[in-house]
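Descriptive analysis of the structure
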Amino acid sequence: MKYMKKSFSKMVPYHSKLITDGIILNANEAPYNPPLEIIELSKEEMNNVDYNRYPDMDEVLLNEAIAKCYKIDPANISCGVGSDELLDVCFRAVLEKDDIALGFTPSFSMYQVFAELVGAKFIGVKGDDNYLFNVDDMINKIKEINPKLVVICSPNNPTGQYFSEKDVRRIIESTNALVLLDLAYIDFAEKDYCKISLEYDNVISFKTFSKAMALPSIRCGYCISNKDNIDMINAVKAPYSLSTFSQILAKNAISNFDLYKDKINEIKKERQRLFKELKNLGFVVFNSEANFIYTLMDEKYYQELLNNKIYIRRFDNLHYRITVGSQTENNMLLEVLRCAVQK
Ligand code: PMP
């Protein structure tokens, strides 16, 4: 990377190899496809697309569909190429060089990358020995370092911890910083409180079509906030970034969100079962309200899974994250681990 500026010299390209064969439990994807009705509806609409024209940069139909789902005003929504794009836009719009963004650690690794890309610093508040984060620790840290940006991921990737609406409000009300509420996995949790961002000046909620809605292929995310924050995002976001096809699929998915409910409930049930079974096998597991489970295991088990083409996410030789798959996939994972434990 000989042309890379000095301050970026330590950056390494993010890479995740495309896996097409085996049991894929490493990227928090859904084990199901979107309901057929959504795909069929979208195919029909795609027949009438003006392929020679740019997409609607105001995402009017998609924003209206999201607004209808939450009973809010479309002016309070902006969409992007995954919530990744929208989060990145906020870090770029808010942080100057040497500013501080505060979050928990471990959390979604891109927060640190987005901060460092603008020369800012990401500071992470650690949890206890069980990776449990304490909201008071966050509030104290906010008082101590007065960050420009605070990012809360609920449920947290990779540990799975869900922050209650009350706790999130306590954090928001303790700071004047802009609070980014990353709710990528909230559809698998007790309650979706994404609309609370509309009650404050300093909050933006982020959601995605990539997880519960089973559409990571279309790269579409959205955020909800007051008009001023939405204007900020729209001013910085690249024009026409979200393709016409992504807008069509996302619109049909959110308009038919009810069709996903059974699938989401199945994942929640499987999460509970997987948690129990992993625990019974002697693995250290942490409570999760997401579609994954954080676990500590010896590397030999990871190798055994790999030998059987079962892919989970490895952070180091002790920390792993297992996406909750279908019942069959989870059974296969458990069977391989069971045999490995008995060896
Ligand atoms: N936030 C969190 C916590 C995530 O785990 C991810 C994806 N892994 C994202 C945001 C980005 O999701 P997407 O860009 O697919 O919407």
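Residues numbered from 1 in each chain as written. Predicted model: local features only at pLDDT ≥ 70, side-chain atom pairs only at ≥ 80, totals over all residues. Heavy atoms only, no water.

1. A short note on the overall build of the protein
Helix and strand counts for the protein come out as 11 helices and 12 strands. A globule of 343 residues ought to have a C-alpha radius of gyration of about 20 Å, and the protein, at 20 Å, matches this closely. For the C-alpha atoms alone, the extent of the protein along its principal axes is close to 60 × 55 × 50 Å. Looking at the protein residue by residue over its 343 residues, the buried ones come to 51%. A fraction of 71% describes how many contacts in the protein between residues 6 or more apart in sequence connect residues 24 or more apart. Of the accessible surface of the protein, which amounts to about 17300 Å², a share of 49% is contributed by carbon and sulfur atoms. Across the protein, the mean location of the 42 positive side-chain charges is 4 Å away from that of the 47 negative side-chain charges. (Helix = DSSP H or I, 4+ residues; strand = E, 2+ residues; numbered from the N terminus. Rg over C-alpha atoms; globule rule 2.2 N^0.38 Å. Buried < 20%, exposed > 50% of the residue type's maximum accessible area, 1.4 Å probe, protein only. Contact = heavy atoms within 4.5 Å. Areas by Shrake-Rupley, 256 points an atom, 1.4 Å probe, with all protein chains shown as cover. Lys, Arg positive; Asp, Glu negative; His and termini not counted. Charge placed at Lys NZ, Arg CZ, Asp CG, Glu CD.)

2. Points about the nonpolar core
The biggest cluster of nonpolar side chains holds 87 residues, and the ones touching the most others in it are Phe209, Tyr260 and Leu333. In this structure, this core is formed jointly by two domains, domain 1 (6-33 + 260-342) and domain 2 (36-258), each of which donates at least three residues. Residues in contact with Leu333, not counting those within four places in the same chain, are Leu25, Leu274, Leu305, Ile310, Ile312 and Ile322. The next biggest cluster of nonpolar side chains, apart from the first, holds 24 residues, and it includes Val89, Tyr111, Leu149 and Ile204. (Core = buried A, V, L, I, M, F, W, Y, C linked by side-chain atoms within 4.5 Å. Domains from an automatic or database assignment.)

3. Looking at the domain arrangement of the protein
For interface size, the figure often reported is the accessible area lost on association. We note that the domain assignment places domain 1 (6-33 + 260-342) and domain 2 (36-258) within the protein. If you average the C-alpha positions of domain 1 and of domain 2, the two centres end up 24 Å apart. Taken together, the 26 residues of domain 1 in the interface contact 30 residues of domain 2. Linking domain 1 with domain 2 are one salt bridge. The residue Lys261 makes a salt bridge to Asp258 at a minimum N-O spacing of 3.1 Å. Inspection of the region where domain 1 meets domain 2 yields 13 residue pairs in polar contact (both at pLDDT 80 or more). Secondary structure elements with two or more residues in the side of domain 1 that touches domain 2: helix H9 (261-280), strand E10 (292-296) and strand E12 (319-323). Broken down by element, the residue count for the side of domain 1 that touches domain 2 peaks at five residues, all from H9. (Salt bridge = Lys/Arg side-chain N within 4 Å of Asp/Glu carboxyl O. Polar contact = N/O pair within 3.5 Å; in protein donor to acceptor, adjacent residues only side chain to side chain.)

4. Digging into the site of the ligand
Taken together, 13 residues sit near the ligand, with Asp182, Tyr185, Thr208, Ser210 and Arg219 positioned nearest. Measuring from an oxygen atom of the ligand, one finds a side-chain N or O atom of Asn157 at 2.8 Å. Contacts to the ligand include Thr208, whose side-chain N or O atom sits 2.6 Å from an oxygen atom. Of the residues forming the shell around the ligand, the biggest block, three residues, is contributed by helix H3 (residues 82-94). By residue class, the composition of the shell around the ligand is four nonpolar, five polar and four charged. (Near = heavy atom within 4 Å. Nonpolar A, V, L, I, M, F, W, Y, C, P; charged D, E, K, R; others polar.)

5. Details of helix H10 (residues 299-307)
Inspection of H10 places Tyr301, Tyr302 and Leu305 among the buried residues, and these make up the whole buried set. Down the axis of H10, the smallest arc covering the buried residues is 100°, so these residues share one side. The exposed residues of H10 that point more than 90 degrees off its buried face are Lys300 and Asn307. The backbone nitrogen of Lys300 lies 2.9 Å from a side-chain oxygen of the residue at the head of H10, namely Asp298. Positive phi appears at Lys309, one or two residues downstream of H10, with a value of about 60°. (Arc of directions from axis to C-beta.)

6. So, the sheet that holds strand E9 (residues 284-285)
Spatial strand order, E1-E11-E12-E10-E9: five strands in an open sheet with mixed pairing. The sheet is open, and its two edges are formed by strand E1 (23-25) and E9, each paired on a single side. Its contacts with the sheet put H9 on E9, E10 and E12, and the angle it makes with E10 is roughly 10°. (Pairing = 2+ DSSP bridges. Axes fitted to C-alpha atoms, helices over the stretch in contact; angles between N-to-C directions.)

7. Looking at helix H6 (residues 165-172)
Listed as buried for H6 are Glu165, Val168, Arg169, Ile171 and Ile172. The arc that holds every buried residue of H6, seen down its axis, measures 160°, which confines them to one face. Turning to H6, the residues buried within the fold contact helix H5 (135-145), strand E5 (149-153), strand E6 (178-182) and strand E7 (203-208).

8. Quick notes on the environment of Thr295
Of note, Thr295 is situated in strand E10. Owing to a relative accessible area of 0%, Thr295 belongs among the buried residues under this scheme. Placed 10 residues apart in sequence, Thr295 and Val285 show a C-alpha to C-alpha distance of 4.5 Å. Dropping the residues within four chain positions of it, Thr295 is found in contact with Phe283, Val284, Val285, Phe286, Leu318, His319, Tyr320 and Ile322. One polar contact links the side chain of Thr295 to the main-chain carbonyl oxygen of Val284, over a distance of 2.9 Å.

9. Describing the sheet that holds E5
The strand order across the open sheet formed by seven strands is E2-E8-E7-E6-E5-E3-E4, and the pairing between neighbours is mixed. Both outer strands of the open sheet, strand E2 (77-80) and strand E4 (121-126), are each paired with one neighbouring strand and no more. Averaged over all adjacent pairs, the angle separating strand axes in this sheet is 25°, with direction ignored. Of the strands in this sheet, E4, E5 and E6 are in contact with helix H4 (residues 110-117), which crosses E4 at around 150°. On the sheet, H5 packs against strand E3 (100-105), E4 and E5 and is oriented at approximately 160° with respect to E3.

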